[in-house]
Amino acid sequence: MKSGIKLFFYHLRKNKVGFAGFIVLLALIFMSYILPYFVPLDMETRVNEIFKPPSWKHPLGTDFQGRDILNQIIHGGKDVMNVAFMAGLISTAIAVSLGAVSGFVGGKVDMVLTSIADIILTIPHFPLLAVLAAFIDFKSSVGLATLLGLLSWPGAMRSIRAQVLSLKERDFVEAARVLDLGTGHIVFKEIIPNMMNYIVMNMIFSMRSAVYSQVGLIILGFVPFTSTNWGVMIHYAWSRGAIFFKGSLMYLLAPIAMIALFQWSLVSFARALEGVFNPRLRGE
Amino acid sequence: MAPIIELKHIGKSFMVKRGIFSEKKEIKVLDDVNLTIEEGEVLALVGESGCGKTTTAKIIAGIHKPTKGEFLYRGKNVWEMNKEEFERYRRAVQLIHQDPYASLNPTMRVFDTIKAPLLRHKIVEKRKVYDKVLELLEMVDLNPPEEYAFKYPHQLSGGERQRVTIARALTVGPEFIVADEPVSMLDVSIRLSIIELLKDLREKMGVGFLFVTHDLAMAKYFALEGKTAVMYLGKVVEYGNTRDVIDNPLHPYTQVLLKAIPEADPEVTRKKEMPKLRSLDVPSFLNLPKGCRFHTRCPLYMEGFCNKKEPKLRQVSSTRKVSCWLYHDEEGNVKEEAFKGVL
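Our subject in this report is the structure included herewith. (Residues numbered from 1 in each chain as written. Chains lettered and ligands numbered in written order. Predicted model: local features only at pLDDT ≥ 70, side-chain atom pairs only at ≥ 80, totals over all residues.)

1. Let's talk about the overall build of chain A
So, step 1. Looking only at helices and strands, chain A features 12 helices and zero strands.
So, step 2. For chain A, the succession of helices and strands along the chain, N to C, is α-α-α-α-α-α-α-α-α-α-α-α.
So, step 3. Seen along its three principal axes, the alpha-carbon backbone of chain A occupies a region of about 80 × 50 × 30 Å.
So, step 4. Across the 284 residues that make up chain A, the buried fraction comes to 40%.
So, step 5. At a minimum sequence separation of 6, the contacts of chain A that also span at least 24 residues come to 73%. (Helix = DSSP H or I, 4+ residues; strand = E, 2+ residues; numbered from the N terminus. Buried ≥ 20, exposed ≤ 12 C-beta atoms within 10 Å, placed from the backbone. Contact = placed C-beta atoms within 7 Å.)

Shown next as structure tokens:
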């Protein structure tokens, strides 16, 4: 019998694109969380090196204050990823627990929970976030992540509720009831594993949208930015006129490319996970 | 002693709504069903699709709650039991589903499926669970058991899956098994081996069975020493020893059902004289015929009688019950001359 982790990698490797996504994701995580310990953040202004094109000294060139762009890319991922992971976790946790309760219990509980979800769904998120940004201090990424998570669960919750509604009528759930295996077993062993890939997909998609909302807020300047991050870089590249200089294209392109790469790695990794969670897709 | 399973005037209805403005309508899927099953007895429940067989099975398995009447397990109403009694009932009565492709969780290996009830009900210690699972798999003829234990349902054939569901039902040591058409979804070639397995379990372990089927031949094969009940549109129309019911059917519906079984030899089937049904359509539950429910199709229909009043299931001999105006009158007096030649 193979162990869990071995099995995980065995099935992951079967999907080549997914495995590539997994590797890229690992690389990005390594770059953003571990590399900063070895490469110190250098934010010193060098007037003589403003908007320099890529060179050996500055592989991606320099920004409007003569600072190294590669250095900022390395240090700028942590914030974006922190918010993405936290917001994804929070929104998925809410979506799964409320969706499972709503679908399993039904009746009035279901009615109340789905109407709450509907109300939140109808609120346009981005303007709301922009307005809230004026009142709430987003200095810590935890605050922003919580807010993004609290706003993004209803869609996933509704689809998880629908899945639970269909799964709970299946014969194998009925068999578990006849065997008196208990509600806990039915929910966590019979129903949730059957929608695990669905849950993971939802989590990754909510991480994806958290990245966009967060970066969007920063680019537009709604969130006061205190640290280096990819969103802040795009904001400055835009507002300080990097697009008008031939040599400084990288200041705008590098953070955009990193964000796109991060999103791509998430989505393709999610697809590979489908094979891990669904035994029928493993093709044994 | 009280019989193990007793249905008393059981009725089950569902509410349906057609369209936004129409009123809710009640569909009586079961109407005044009375059945008694003694310890270790086999009862075959026969009828065509949609007659309420599966609903009856699910009421006995405790999945559906009857809307009328009482369902008793060992003399106690299941839906008024305290927690302890209900748990005992749950373990004593098990269900085998019709479709083995739907009744096994696709994300669980055979081992996990069988392990769960063993551990939940503390039937074996944790370290002995593996041996117990293998023992159960061996009992249902899945050999070698070590190989089957770590397979996923999608890696098994229909017959193998059904064996796993049987092993799962056996984990809790049931006294009574509700088998809801356990072989109808399987290939004809493996049906017999599954039936043999169930028969074997019955003989070795003394497990009682409710064997739901639409196939009279299967009912005869499995429940030859037991009882047979024939259902039509939510009512039991005939009840008796399997041999009697099948060799000497009394109710016109049973007679027609028996005639409808095709013979292996097409020559014989073609030459067989088929009874003349008045209509081939089964009436809808939403629009049940007045009087006897079978009168719209009955070949022995008596005008002005069958379409006026509904007959009740009446005792016509010491072991036989039938609900047909041919055999008894309204007061329950048996018209002996009607079946003198038959019995």
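2. Quick notes on the sheet that holds strand β4 (residues 68–73) of chain B
Paired through backbone hydrogen bonds, the strands of a sheet run either parallel or antiparallel to each other.
So, step 1. An order of β2-β1-β4-β5 (chain B) is seen for the four strands of this open sheet, with the pairing classed as antiparallel. Each edge of the open sheet is held by one strand with a lone partner, namely β2 (24–37) and β5 (76–77) of chain B. (Pairing = 2+ DSSP bridges.)

3. Describing helix α7 (residues 188–205) of chain B
Residue and element names in this part refer to chain B.
So, step 1. The first and last C-alpha atoms of α7 sit 26 Å apart over 18 residues, in line with the 26 Å expected at 1.5 Å per residue.
So, step 2. By the burial criterion, the buried members of α7 are I194, L198 and R202. When α7 is viewed along its axis, its buried side chains cluster within an angular range of 85 degrees and face the same direction. Exposed and oriented more than 90 degrees from the buried face of α7 are S189, E203 and K204. (Expected span 1.5 Å × (residues − 1). Arc of directions from axis to C-beta.)

4. Here we look at the sheet that holds strand β6 (residues 93–96) of chain B
All names here are of chain B.
So, step 1. Strand order in the open sheet formed by eight strands is β6-β7-β8-β3-β9-β10-β12-β11, with mixed pairing between adjacent strands. Both edges of this open sheet fall to β6 and β11 (314–317), since each of them pairs with a single strand only. Taking each pair of neighbouring strands and ignoring which way they run, the sheet shows an average axis angle of 20 degrees.
So, step 2. Strand direction decides the pairing type here: strand β7 (residues 176–180) and strand β8 (residues 208–213), joined by five bridges, are parallel. Considered in β8, the bridge of V178 is made with L210. (Axes fitted to C-alpha atoms, helices over the stretch in contact; angles between N-to-C directions.)

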